[in-house]
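Residue-level structure breakdown
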Amino acid sequence: MQGDLLTIITPEMEELAPGIFLFRKYVDEALFYNVVKAAVAQIPFRHMVTPGGKRINVAGISMGDCGWYSDRRGYRYELKDPITGKSWPPIPGDISQIITVAAAKAGFPNFIPDSCFINKYEPGVRLTAHIDQDEVDFDQPIVSVSLGASAIFQVFGEKRGGKAFNIPLHSGDLLIFGGPARRVYHGVKKLEEQNHPLTGNLRINLTFRKAL
Ligand code: MD3
Ligand code: FE
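The present account deals with the structure reproduced in this document. Position numbers for residues start from 1 in each chain and track the written sequence from start to end. Chains and ligands are labelled sequentially in the order written, the chains with letters from A and the ligands with numbers from 1. In keeping with the predicted nature of the model, local features appear solely for residues at pLDDT of at least 70, side-chain atom pairs appear and are counted solely at 80 or more, and the whole-chain, interface and lining totals rest on all residues. For the side-chain quantities, the full set of heavy atoms in the structure was used; hydrogens and water were omitted.

1. Observations regarding the site of ligand 1
Close to ligand 1 lie 17 residues; N119, Y121, D132, H186 and R203 are nearest. Definition of a polar contact: a pair of N or O atoms within 3.5 Å, with one able to donate and the other able to accept a hydrogen when the atoms are protein atoms, and with sequence-neighbouring residues admitted only if both atoms are side-chain atoms. One of the side-chain nitrogen or oxygen atoms of D132 is found 2.8 Å away from an oxygen atom of ligand 1. Areas reported here follow the Shrake-Rupley algorithm with a probe of radius 1.4 Å; residue values treat only the protein chains shown as occluding. Its free accessible area being 500 Å², ligand 1 has 97% of it covered by the protein chains. What counts as a helix is a DSSP run of H or I of at least four residues, what counts as a strand is a run of E of at least two, and both are numbered from the N terminus. Where the shell around ligand 1 is concerned, the elements lending two or more residues are strand 6 (115-121), strand 7 (127-130), strand 8 (142-148), strand 12 (186-188) and strand 13 (203-209). Here the shell around ligand 1 gets 4 residues from one element, more than from any other, and that element is strand 13. Here the nonpolar group is Ala, Val, Leu, Ile, Met, Phe, Trp, Tyr, Cys and Pro; Asp, Glu, Lys and Arg are the charged ones; every other residue, Gly included, is treated as polar. Tallied by class, residues from the shell around ligand 1 come to 7 nonpolar, 6 polar and 4 charged. Nearness is defined per residue: one heavy atom within 4 Å of the molecule or strand is enough.

2. Brief notes about the nonpolar core
Only buried Ala, Val, Leu, Ile, Met, Phe, Trp, Tyr and Cys residues count toward a nonpolar core, and they belong to the same one when joined by side-chain atoms within 4.5 Å. Accessible area is worked out with a 1.4 Å probe on protein chains only. A residue is then buried under 20% of its type maximum, exposed over 50%, and partly exposed in between. In this structure, I118, V145, L174, I176, L206 and F208 are the most contacted members of the largest nonpolar core, which totals 38 residues. Counting residues per element, this core draws most heavily on helix 2 (residues 29-42), at 5 residues. In this structure L206 touches V36, M63, C116, F117, I118, V143, S144, V145 and L147, once residues within four positions along its chain are discounted. Residues I20, Y121, A151 and L191 belong to the second largest nonpolar core, which totals 17 residues. Should any heavy atoms of two residues lie within 4.5 Å, those residues are counted as being in contact.

3. A word on the coordination of the iron ion (ligand 2)
For the iron ion (ligand 2), the full set of protein donor atoms is H130 (NE2), D132 (OD) and H186 (NE2), and the range of their distances to it is 2.1 to 2.2 Å. Written as a sequence motif, the donor arrangement for the iron ion (ligand 2) is H-x1-D-x53-H. Looking at H130, the relative accessible area reads 23%, which means it is partly exposed. A donor here means any N, O or S atom no more than 2.8 Å from the metal (3.2 Å for Na, K and Ca); water is not included, so a site may seem to lack partners.

4. What about the environment of K120?
Tracing the sequence through the fold places K120 in strand 6. Sequence separation between K120 and L147 is 27 residues, and the spatial gap between their C-alpha atoms is 9.8 Å. Apart from the residues lying within four places of it in its own chain, the contact partners of K120 are F45, V58, A59, L202, R203 and I204.

5. Describing the sheet that holds strand 2 (residues 20-23)
Two strands are said to pair when DSSP picks up at least two bridges between them. Pairing within the open sheet is antiparallel, and its 7 strands lie in the order 1-2-11-8-13-6-3. The outermost strands of the open sheet, each flanked by one partner alone, are strand 1 (14-17) and strand 3 (59-64). Within the sheet, the average angular offset between the axes of one strand and its neighbour, ignoring direction, is 20°. When strand 1 meets strand 2, the two strands line up antiparallel, connected through 3 bridges. From the neighbouring strand, E14 faces strand 2, where its bridge partner is L22. For helices, the fitted axis covers only the stretch in contact; all axes are lines through C-alpha atoms, and the angles between them, taken along N-to-C directions, range from 0 to 180 degrees. Along the sheet, helix 2 contacts strand 3, strand 6, strand 8 and strand 13; its crossing angle with strand 8, the most-contacted strand, is approximately 95°. Against the sheet, helix 3 (residues 93-105) makes contact with strand 2, strand 8, strand 11 (174-177) and strand 13, and its axis sits at roughly 60° relative to strand 11, the strand it touches most.

6. Digging into the packing of aromatic side chains
Pairs were defined over the aromatic rings of Phe, Tyr and Trp, the Trp ring being its six-membered one, requiring ring centres within 6.5 Å. Orientation was assigned from the angle between planes: stacked under 30 degrees, edge-to-face over 60, tilted for the rest. The full count for this structure, using the stated rule, is 5 aromatic pairs. On the numbers, 4.9 Å between centres and 65° between planes, the contact of F23 with Y26 is edge-to-face. Owing to a relative accessible area of 0%, F23 belongs among the buried residues under this scheme. Centroid distance F153 to F177: 5.5 Å. Interplanar angle 80°. Geometry classified as edge-to-face. Linking F153 in strand 9 (residues 151-155) with F177 in strand 11, this pair joins segments that are 24 residues apart in sequence. As far as burial versus exposure is concerned, F153 and F177 are alike and both buried. Each residue in the set W68, Y75 and F117 is aromatic and connected to the rest through ring pairs, giving one cluster. Think of it as a cone above the ring: NZ of Lys or CZ of Arg counts as a charge over the ring if it is within 6 Å of the ring centre and within 35 degrees of the ring normal. Between the NZ or CZ atom of R183 and the centre of the ring of F138, over which it lies, the distance is 4.3 Å. Note that R203 overlies the ring of Y121, its terminal NZ or CZ placed 5.0 Å from the centroid.

Set out below in C-alpha cells:
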C-alpha cells in the first residue's frame, strides 16, 4: 500500500534546472539492453581516437541514419561506419517512439532521433568535461538513457571549470537536455566497481540525437 501511495505522489519527470529534465526509472531496462546487444552483434564496441590521437576510454558505437565518429580527421557524423563501410544498424521503431514521447513530455514535440550513440563505461573509466557541438540544430534536445551500473553525471556550465552540479544516474533513468542546457559542459565521474544484475560491472548510456 505504501508503495502504491509513493507511486501516485512521485512525479514521473522533474526539471532539475532550466532545460534539464530527469525521468527516474522510466524505461524498460531489459528492452533497451536487448537492443544494445543486437547492435553490438552487428558492430562490436570500439575505442575511437581524438583528432589529437588520444584513445577515447569510453567505447562507443552508433545506431541510426548517422553515427558520431572521431579519428585523426576530426569529430563528425558519418552516414556509414568508416571501418566496415556498412550502414549503422537502425534505431528500432519502438525505441524511437519511446524517446519521442518522453521528449514531448519535456516540451520538445516531434523530436525524431536520427542517431543513437551507445557508450560503454568499464570500472575506472570517466568521461572528461565536453560540449556536444557536432550536431546541426542546437534547438533539438538530446535524450539519454542509462543502463546497468550507476554513475555520477556532472553538469558544469558555460565554462569547463568551477563547481559541478552532480546528478547520480541509475539503470532505467532517462535524462533530457534541451534549450539553455544544450550547450553546457558536462562529464561523467570515474565509474566505481559494481555488480548490476543486467550488465555486471558495466554502465551503458545511449544518447539519442537529431544530428543532421
Ligand atoms: C548535456 N554522455 O555521449 S548523457 C555523450 O552518461 C555524453 O554517457 C554522457 O555526454 C553519458 O556526449 C552523458 C547526458 C547528456 C548527453 C548529451 C548532452 C547530457 C548532455 C549534450 C549537451 C548537454
Ligand atoms: Fe556529451
